[in-house]
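# Close look at the chain arrangement
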Amino acid sequence: MLKDFLKEILVILVGKQSEEIVDLLDGDKYINEFVIAKKINLTINQTRNILYKVSDFGLVSSIRKKDKKKGWYTYFWKIEVLKALEFLKEVTVKNLNQLKNQIKSRETKRFYVCERCNVEFTEENAMLRDFTCNECGEVFSVKSNEKLLKEFKKNEEKLENKIKLIEEEIKKEKDKLDKVRQKEIKKQQQEKLKKKQEMKEAKENIKKKTAKKEVKKKKETKKKNIKKPKNLKKISKKK
Ligand SMILES: [Zn+2]
């Protein structure tokens, strides 16, 4: 479903020849433009023109890398899935609103038709022509809107369903981006924690070392203290 939507967007923006780009580009990693050009069988300049056009709408993004030997830049592209979906939703909502206006006008206004020429007139225009066709002289008849309204309402339902589906895809994409962000935050927190732990351990090690030294000192002094009386005792015994 997502791919169909993305293809539709590209066709709206740059035409049918760009449709296949969607099969190569995805939202996760950047793809080398030479690879894209080769796969869709266009020259690198044609490919770039398509991608630049789409990037004017912010629906693809690129990074560039310099070829150290040749000195030129190669671009790498990816689709901005969320922005693309939001763009398609906007277009579809606009279409739906236009359709709703047409339905309203068919439901509330009268239209006339020259059945011989199969030309339609609004009430105002029919009145201006005295309800008679300039071309053939036939008198206009009132147009029945039933069939048209049925068709319009069917389309209305289709567009409303489509908008729902686009919204579902938008939600999925937002959740996906959220998860990536959460992961990054978690990673950063863990790194901070690790650093803290390391600092703590380092401090503790210093403490331990100094503590050991003190204990050693104390022991040494104790030994000396013990020895002295022993010696003294010995000496005293000897005495
Ligand atoms: Zn006519």
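Throughout what follows, the structure given in this document is the object of discussion. (Residues numbered from 1 in each chain as written. Predicted model: local features only at pLDDT ≥ 70, side-chain atom pairs only at ≥ 80, totals over all residues.)

### As for the packing of helix H1 (residues 2-14) against helix H5 (residues 81-108)
- Two elements in contact, H1 and H5, have axes whose closest approach is 10 Å; the angle formed by their N-to-C orientations is 70 degrees. Considering the angle they form, H1 stands roughly perpendicular to H5. Note that H1 runs across H5; the crossing there is left-handed. Counting all contacts with H1, which are made through Phe5, Leu6, Glu8, Ile9 and Ile12, the residues of H5 involved are Ala84, Leu85, Phe87, Leu88 and Val91.
- Here the residues of the contact of H1 with H5 are counted per class, giving nine nonpolar, no polar and one charged. (Axes fitted to C-alpha atoms, helices over the stretch in contact; angles between N-to-C directions. Helix = DSSP H or I, 4+ residues; strand = E, 2+ residues; numbered from the N terminus. Parallel < 35°, antiparallel > 145°, perpendicular 65-115°, else oblique. Left-handed = near helix turned anticlockwise from the far one by under 90°. Contact = placed C-beta atoms within 7 Å. Nonpolar A, V, L, I, M, F, W, Y, C, P; charged D, E, K, R; others polar.)

### Quick look at unusual backbone geometry
- Look at Asn118: it is not a glycine, yet its phi comes out positive at around 55 degrees.
- By the secondary structure assignment, Asn118 is in the loop between strand E4 (111-114) and strand E5 (119-122).
- Positive phi is not limited to glycine here, since Asp130 has a value of about 60 degrees.
- Inspection of the secondary structure puts Asp130 in the loop between helix H6 (123-128) and strand E6 (141-142).

What is shown is where atoms sit, not what they do.
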